[in-house]
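As a plain string of letters, each chain reads:
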Amino acid sequence: MFFFRNFTFLLALYLLQGSNTSLVRLNNSGYEDIIIAIHPGVPEDEKLIEQIKDMVTTASTYLFEATQKRFFFKTVSILIPENWKENPQYKKPRTESYVHADVLVAPPALPGRDEPYTRHFTGCGEKGEFIHFTPDVVLGKKQNEYGPLGRVLVHEWAHLRWGVFDEYNEDEPFYSSSSRKIEATRCSTGISGINRVHKCQGGSCVNRTCRFDSKTKLYEKDCQFFPEKFQTEKASIMYMQSIDSVTEFCNEKNHNREAPSLQNKKCESRSTWEVISSSEDFNHTVPMEAPPPSPVFSLLKISQRIVCLVLDKSGSMDGFNRLNRMNQAAKHFLLQTVENGSWVGMVHFDGSASIKSKLIQIISSSERSQLLQQLPTAASGGTSICSGIRAAFQVIRELTRETDGSEIVLLTDGEDKTAGSCVEEVKQSGAIIHSIALGPSADPAVGEMSNVTGGQYQYASDEAQSNGLINAFGALASANADLSQQSLQLESTGLTLDNNPWMNGTVIIDSTVGKDTFFLITWDKQPPSISLWDPNGVTMEPFTVESHSKMAYLSVPGTAMVGTWTYSLQAKVQPETLTITVTARAANSSVTPITVSTKMNKDTNSYPSPMAVYAEVRQGYLPILGARVTALIESQTGKMQELELLDNGAGADSLKNDGVYSKYFTTYTENGRYSLKVRAHGGTNAVTRSLKRPLNRAVYIPGWVVDGKIEGNPPRPEINDDTQTSLENFSRTASGSAFVLSNVPNLPISSWPDLFPPSQITDLDARADGEQINLTWTAPGDDFDVGKVQQYVIRVSGSILDLRDNFDGAFQVNTTDLLPNEANSKETFAFKPGNISEENATHIYIAIQSVDNSNLTSKVSNIAQVALFIPEADPSPDDNHQKPSPGKNPNRAIKIGILVLIVVGSFVVLSALVSTTVCICKKKRSAGRPRTGF
């Protein structure tokens, strides 16, 4: 097991934080309300603050010039950890918190892993989550390896804000170029340098020409590209911004479309500037005439948590067992979720509001019990949400005189025509509103209050077995608390029992959790018989049973035993609804627990636009691979749907094996609110912790070429990117924010018109095998990533732009015998390309389009390529293997009279005599019917 010392901050909230947690606004070309947060595990050092200011100031000027005078950094808040000493310059945050951080200054994921990177797991042109800098990078200790900090920030900002990708690729550092040479993957190719194997150990260095690899037809594994220190090339920032001359992004004119960079693969071979130019930011700005002002900084120090519960006890709460369910969830929040040291108060409201408890600090169970006594016992009267909010402001101001940075947890089930009248007041208060809408009639203003203050918006239906209300309260851990204090949900499930009185199951407690383990049982009619056994089969007792609130709970003393716990609940009457919730805190403050977090890609959506579900499973910043992840999506009337989420790099999942599991959601059942919950489970030796370096990071520079000689930089820690460490059994559940759907047809799904095409294939790969080309890709579905497509259309060209921009006009491969598999299956196909006689065609470019049974077509896939020659390597006195020169390359022109098409995995071989020469040309084809012949 890896131990993450001093790394126990609330990382889970850094990872998936909701569909849009950044508070950044673009105002007259200036980015405002940027948040840079210093991790509390970082030792106090005022130099960090000054370095952050210098970084942003220099980055602002660099960004302004790089974007043709369109963008700059205007206002920035720096969040100071609570454990740093007081300073008169430090102010109190308002709605700013760690969950809204755009840049995190935090310890590395592993010792020595200082690469600056951006957490970005969605598609091209979509915003990322956050930027991660280590303290050593901010303090300038890694400038030789990654370049000046201000330039690095601009590189990462382009990932974060505009969703562009890197223009290098450490997995494919070299490629066969149209110049018939082996080139380093880069943009632009005007960046000069040399390819060498350069390794230093002790006081000696090995420096030699790279050898040719006969298998890959490229350079050997240890070969690296060393750039010239002094250059004149201006592009590109997304390749190597650390070169002094580089001040621009690659554009349509100088973009290297041949290179196997992630930018080309994910962005349809468009340049980074083309993607930036199509962004919403770009379309809302014009170039400035005057230079931008310097950034303005605010220093904000995190303080103790202040939270006030605002609970609805109006007459409508008397139905559907709502009042009791609210009290159950609030009790769980007060007993288990809210952290020690927090200040908590309580307000009730119906047609008016009453203060039930002033703010008291949670130090022991005594304060928790005191608050529990104040929960409402009866429901009556009207609904005045604004009265409840204003009473909460009064409670908070009695202690702090201001509401900045405080939190209000608002629960309501009713409509209130006056609720919108205080939204602006809420926005100006500086408080964060977490809203929980209970049932289908909760006023929409509660969601708006959360949106304008950066709070969470949760929804719970009236179906008790979904456990939605307890989940909603359980999701409200502090945004700024230490992860060792956070209560993590291990299990949350329910069942309505009609014929069988038993509800049996297991709960896995892994070694990263177990402190303050808490079992909560609820019922609807009568207390059930409850049995719980630890992994050794010892019965755990007694549960505290509260018949009036219809709940029973047990807190396991000390640290719970690692292993599988077993429970058995027997209902006394039928029908009966039972639920069980299990939570625990980190077992050890020095070992980061496994966490799961979830979100949808949008807060609101309209049919037939699809939604995407994301769930991230990690330990610290390291992704967990191989988990079984399920999303449970519930409508406001209680209709539940289950989706299996995948981390396969296909469909809704942008990147394979990054710890983010994804799926499209299209089977909407009705208009209105939906809630989201995910379950993640890992079996022994079935899941692994990946040590692979993150994507979307500043390139590490192994050294510089100065006067023809390599000046090497300190080597990075040797980490095999394929290294994975096995994990034990674990289970987690997590709730996401509510989302709202509209324009859903009032028809059974089976009667809907087919408006969902297959998803785009994004992992097409082509490999030459003699005269045959082998293709592999992940199968899409009839509706995005569900079902099976009707057919594939495969086309090839000698020009990447012709194939991208005129796919229907390219040569079509015969795929008659290619029968599609179910979505997410691996597809394989092979063909012989026929006669390649065009003198200028150096590569075959291949793309696929999927067609469903309604003749809806997917977007054209990523473009794969195969070189038609063996590239020329640098002269190498060390290479004893002779290879054909480009002029004698037997693959340069292939004259084939018989076209052979092979369907891999079957015994079908289709041979066809070709009476005319088939050629892949760069010239424009004459107008008319597209030709097939492959």
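The coordinates are above.
Analysis parameters
Residues numbered from 1 in each chain as written. Predicted model: local features only at pLDDT ≥ 70, side-chain atom pairs only at ≥ 80, totals over all residues. Heavy atoms only, no water. Helix = DSSP H or I, 4+ residues; strand = E, 2+ residues; numbered from the N terminus. Contact = heavy atoms within 4.5 Å. Buried < 20%, exposed > 50% of the residue type's maximum accessible area, 1.4 Å probe, protein only. Arc of directions from axis to C-beta. Axes fitted to C-alpha atoms, helices over the stretch in contact; angles between N-to-C directions. Parallel < 35°, antiparallel > 145°, perpendicular 65-115°, else oblique. Nonpolar A, V, L, I, M, F, W, Y, C, P; charged D, E, K, R; others polar. Phe/Tyr/Trp six-rings, centres within 6.5 Å; stacked < 30°, edge-to-face > 60°. Lys NZ or Arg CZ within 6 Å of the ring centre and 35° of its normal. Left-handed = near helix turned anticlockwise from the far one by under 90°. 1 Å grid on protein atoms, 1.4 Å probe; cavity = no way out; pocket = protein on both sides within 12 Å on 5 of 7 lines; lining within 4 Å. Points joined across faces, edges and corners; volume = space filled by probe spheres on them. Pairing = 2+ DSSP bridges.

What about the environment of proline 528?
And then number 1: Along the chain, the position of proline 528 falls in the loop between strand S25 (513-523) and strand S26 (529-533).
And then number 2: Separated by 44 residues in the primary sequence, proline 528 and lysine 572 have C-alpha atoms spaced 5.6 Å apart.
And then number 3: Once residues within four sequence positions are removed from consideration, proline 528 is found in contact with Ile521, Trp523, Gln570, Ala571, Lys572 and Leu578.

A look at helix H11 (residues 365-372)
Counting along an α-helix, one turn takes 3.6 residues, and residues three or four places apart therefore face a common direction.
And then number 1: Within H11 the residues assigned to the buried category are Glu367, Arg368, Leu371 and Leu372. End-on, the buried residues of H11 take up no more than an arc of 145°, which puts them together on one face.
And then number 2: On its buried face, H11 sits against helix H10 (322-337), strand S18 (343-349) and strand S19 (353-361).

Some words on helix H14 (residues 445-453)
And then number 1: Buried within H14 we find Ala445, Val446, Gly447, Met449, Ser450 and Thr453.
And then number 2: After H14 finishes, the residue glycine 454 shows a positive phi value of roughly 75°.

Comments concerning the packing of H10 against H11
And then number 1: Two numbers describe how H10 lies on H11: the axes approach to 10 Å, and their chain directions differ by 170°. Here H10 lies roughly antiparallel to H11, going by the angle between them. Within the contact between the two elements, H10 uses Lys331, Leu334, Leu335 and Gln336 and H11 uses Arg368, Leu371 and Leu372.
And then number 2: Looking at the contact of H10 with H11 residue by residue, the class counts come to four nonpolar, one polar and two charged.

Describing unusual backbone geometry
And then number 1: Backbone torsion omega between cysteine 187 and serine 188 reads 0°, so that peptide bond is classified as cis.
And then number 2: Tracing the chain through its elements places serine 188 in the loop between strand S10 (182-184) and strand S11 (193-201).
And then number 3: For the bond from tyrosine 607 to proline 608, the omega torsion is 10°, close enough to zero to count as cis.
And then number 4: Here proline 608 is to be found in the loop between strand S32 (604-606) and strand S33 (611-619).
And then number 5: Even without being glycine, arginine 401 reaches a positive phi, approximately 70°.
And then number 6: By the secondary structure assignment, arginine 401 is in the loop between helix H12 (385-400) and strand S20 (407-412).
And then number 7: Exposure remark for arginine 401: the relative accessible area of 79% places this residue in the exposed category.

Examining the packing of aromatic side chains
And then number 1: Counted under the stated rule, the structure contains 26 aromatic pairs.
And then number 2: A centroid spacing of 6.4 Å and a plane angle of 80° characterise the contact between phenylalanine 665 and phenylalanine 739, whose relative ring orientation is edge-to-face. With phenylalanine 665 in strand S37 (residues 660-665) and phenylalanine 739 in strand S43 (residues 730-742), the pair connects residues that are 74 residues apart, well separated along the chain.
And then number 3: The buried category is assigned to phenylalanine 665, whose relative accessible area is 0%.
And then number 4: According to the relative accessible area criterion, phenylalanine 739 is buried, its value standing at 0%.
And then number 5: In textbook terms, an aromatic cluster arises when at least three aromatic residues are bridged by ring pairs, as seen for Tyr607, Tyr664, Phe665, Tyr668, Tyr674, Phe739, Trp752, Phe756 and Phe784.
And then number 6: The ring of tryptophan 704 has lysine 229 lying over it, and the distance from NZ or CZ to the ring centre is 4.4 Å.
And then number 7: Positioned above the aromatic ring of phenylalanine 807 is the side chain of arginine 795, whose terminal nitrogen or guanidinium carbon lies 5.5 Å from the ring centre.

Points about the packing of helix H2 (residues 46-66) against helix H5 (residues 149-162)
And then number 1: Look at H2 against H5: their axes get within 8 Å of each other, and the N-to-C directions meet at 65°. Taken together, H2 and H5 sit at an angle that is classed as roughly perpendicular. Handedness of the H2/H5 crossing: right-handed. Of the residues in H5, those in contact with Met55, Val56, Thr58, Ala59, Tyr62 and Leu63 of H2 are Leu149, Gly150, Arg151, Leu153, Val154 and Trp162.
And then number 2: Along the lines of polarity and charge, the residues of the contact of H2 with H5 split into nine nonpolar, two polar and one charged.

As for empty space enclosed by the protein
And then number 1: Under the counting rule described, the total for this entry stands at three cavities of 30 Å³ or more.
And then number 2: Reported here for the largest cavity is a volume of approximately 110 Å³.
And then number 3: Every residue lining the largest cavity is counted, 13 residues in all, and those nearest its centre are Arg325, Gln328, Ala464, Thr522 and Thr579.
And then number 4: Going through the elements one at a time, H10, helix H15 (468-474), S25 and strand S30 (576-586) are the ones with two or more residues in the lining of the largest cavity.
And then number 5: No other element matches H15, which puts three residues into the lining of the largest cavity.

Considering the sheet that holds S26
And then number 1: Taken together, the three strands give an open sheet; going across it, the order is S24-S29-S26, and neighbouring strands pair in antiparallel fashion. Lying at the two open borders of the sheet, with one neighbouring strand each, are strand S24 (502-509) and S26. Sheet twist, expressed as the average angle between the axes of neighbouring strands with direction ignored, equals 15°.
And then number 2: In the sheet, S26 pairs with strand S29 (residues 563-570) via five bridges, with the strands oriented antiparallel. Paired with leucine 532 across the two strands is tyrosine 567, which belongs to S29.

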